[in-house]
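Structural overview
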Amino acid sequence: MTPAPTGRPPVLCYHRVGGSLELGVTRVRRSVFHRQMTALAKGGWRTLTLAEFAHRLEPNGPSVPGRGQGRGPRSFLLSFDDGYASLARDAYPILADLGFTAVTFLVTDFVGRDNAWDVRYTWHPLRHIEWDAITHWQSRGFEFASHSASHARLTWLTDSERAAELERSRETLVRRLGAAAGRAVAYPFGARDARVEAAARTAGYELGFGGVRGNGSLLNLSRVPVYAWDAGDVPLGLRNDALGSVGRLVAHVANCCAVGTSVMKGVRYRVSGIRDQRPAPDT
Ligand SMILES: [Zn+2]
């Protein structure tokens, strides 16, 4: 069983909400997302900002109930990875209506562009959210942070490539959105090790989010992904019962299996002779 982390607010990670169907498992239907968020709001859950979340991690920070703990308000950090354009249509308005907020981890080289960094699970390439939409939702209290520059698996890069991925992404976010946007990073595929954590720290990040299992470090915080099968009213990552434990274990295994897409992408590059499909750096 995957143990429930103690004393720290739970963190949920969604990828796509709504939009076109896909062959993969990371898309959650808009109706499911709407039902889950509404149920959480009615159940007394509230979302944290990154600053509130970080405050809770401090040794003497406030203790507010998280998953299945006590009565009164329960709080969690809601996050989205990859920053697809459909979030602005199918997720953010639902959250705003409920008084919820979220942090979206952006692949900064691909903002406003089509997804060219992943194996294709959809018939048409997926569009990433535009800067104009990002600044609009930022003004409404939504937060944005780093998911690296090009969604590279950071554990597979050289030291200089890894530093460049983390630094370029952070520099873009801070320049476009202000200093607070340079505070956190979610490692693509949840792939991290001590070198990744060290590089993130050197680049200036204070918080780093990995996979389902963290190690207690602020640069290896755990999150539970919400996959397509996680369609109950309360996502498995927020349940403190046996089902929640099983759900977190399954999410951990599924997250580990995502290494397959990186391998397939590597094979495609080698076959096609294309090493780097990265678009021109943002200016
Ligand atoms: Zn991602």
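The structure reproduced in this document is the subject of the present report. As the structure is a computational prediction, the values presented were derived from the model and not from experiment.

**Quick word on the overall build of the chain**
Scanning the chain from N- to C-terminus turns up nine helices and ten strands. Expressed as a percentage of its 283 residues, the buried residues of the chain come to 52%. Here the contacts in the chain between residues at least 6 apart in sequence split such that 68% fall between residues at least 24 apart. Of the roughly 12,400 Å² of accessible surface on the chain, 56% is carried by carbon and sulfur atoms.

**Describing the coordination of the zinc ion**
The protein atoms donating to the zinc ion are Asp82 (OD), His147 (NE2) and His151 (NE2), with metal-donor distances spanning 2.1 to 2.2 Å. Sequence positions of the donors to the zinc ion reduce to the motif D-x64-H-x3-H. Placement of the pair is aspartate 82 in strand S5 (residues 74-82) and histidine 147 in the loop between strand S7 (143-146) and helix H6 (159-177), with a sequence separation of 65 residues.

**Quick word on helix H7 (residues 194-203)**
Spacing of three or four residues puts side chains on the same side of an α-helix, whose turn is 3.6 residues. Along H7, the residues that are buried comprise Val196, Glu197, Ala199, Ala200 and Ala203. Within H7, the buried residues cover an arc of 165° as seen down the axis, which keeps them to one side. Those residues of H7 that are exposed and aimed more than 90 degrees away from the buried face are Ala194 and Thr202. Of the residues trailing H7, glycine 204 is marked for its positive phi of about 115°.

**Details of unusual backbone geometry**
Residue aspartate 82 is not a glycine yet carries a positive backbone phi of 85°. Since its relative accessible area comes to 6%, aspartate 82 is described here as buried.

**Notes on the nonpolar core**
In this structure, Tyr14, Phe33, Met37, Phe80 and Leu95 are the most contacted members of the largest nonpolar core, which totals 32 residues. The set of elements that each furnish at least two residues to this core consists of strand S1 (11-14), helix H1 (30-42), S5, helix H4 (92-98), helix H5 (131-139) and H6. For this core, the element with the highest residue contribution is H1, accounting for four residues. Residues in contact with methionine 37, not counting those within four places in the same chain, are Tyr14, Leu78, Ile94, Leu95, Leu98 and Phe100. Core analysis: the second largest hydrophobic core is formed by 15 residues, Leu50, Ala54, Ala186 and Phe209 among them.

**Examining the packing of H6 against H7**
The angle between the axes and the distance between the axes are what describe a pair of packed helices. The contact between H6 and H7 brings their axes to 9 Å, and the two run at 40°. Helix-helix and strand crossings are classified by hand; for H6 and H7 the assignment is right-handed. Where H6 abuts H7, its residues Arg162, Leu166, Glu167 and Arg170 lie against Arg195, Val196, Ala199, Ala200 and Ala203.

**Here we look at the pattern of salt bridges**
Counting across every chain of the model gives twelve salt bridges. For aspartate 233, the salt bridge is made with arginine 35, and the minimal N-O distance between the two is 2.8 Å. Here the residue aspartate 233 occupies a position in the loop between strand S10 (224-225) and helix H8 (242-257), and arginine 35 occupies one in helix H1, the gap between them amounting to 198 residues. Of the charged contacts in the structure, one is a salt bridge between arginine 168 and aspartate 109, with a shortest N-O distance of 2.6 Å. Residue arginine 168 is located in helix H6, and its partner aspartate 109 is located in the loop between strand S6 (103-106) and H5; the two are separated by 59 residues in the primary sequence. Summarising the burial analysis for this pair, arginine 168 and aspartate 109 share the class buried. Salt bridges sharing partners connect three or more residues here, namely Arg30, Arg89 and Asp90.

**A word on the packing of H5 against H6**
Between H5 and H6, whose axes approach to 11 Å, the crossing angle comes to 60°. Between H5 and H6 the crossing geometry is right-handed. Contact residues: H5 offers Trp131, Ile134, Thr135 and Gln138, while H6 offers Thr172, Leu173, Arg176 and Leu177.

**Observations regarding the environment of phenylalanine 33**
Secondary-structure assignment places phenylalanine 33 in helix H1. Classification of phenylalanine 33 as buried rests on a relative accessible area of 0%. The contact partners of phenylalanine 33, leaving out residues within four places of it in the chain, are Tyr14, Val17, Val28, Phe80, Asp90, Ala91, Ile94 and Leu95.

**Observations regarding the environment of arginine 168**
Under the relative-accessibility criterion, arginine 168 is labelled buried at 19%. It is 8.4 Å that separates the C-alpha atoms of arginine 168 and threonine 108, two residues lying 60 residues apart in sequence.

Calculation notes
Residues numbered from 1 in each chain as written. Predicted model: local features only at pLDDT ≥ 70, side-chain atom pairs only at ≥ 80, totals over all residues. Heavy atoms only, no water. Helix = DSSP H or I, 4+ residues; strand = E, 2+ residues; numbered from the N terminus. Buried < 20%, exposed > 50% of the residue type's maximum accessible area, 1.4 Å probe, protein only. Contact = heavy atoms within 4.5 Å. Areas by Shrake-Rupley, 256 points an atom, 1.4 Å probe, with all protein chains shown as cover. Donors = N, O, S within 2.8 Å, 3.2 Å for Na, K, Ca; no water. Arc of directions from axis to C-beta. Core = buried A, V, L, I, M, F, W, Y, C linked by side-chain atoms within 4.5 Å. Axes fitted to C-alpha atoms, helices over the stretch in contact; angles between N-to-C directions. Left-handed = near helix turned anticlockwise from the far one by under 90°. Salt bridge = Lys/Arg side-chain N within 4 Å of Asp/Glu carboxyl O.

Note that all results are geometric; they support no functional claim without further evidence.
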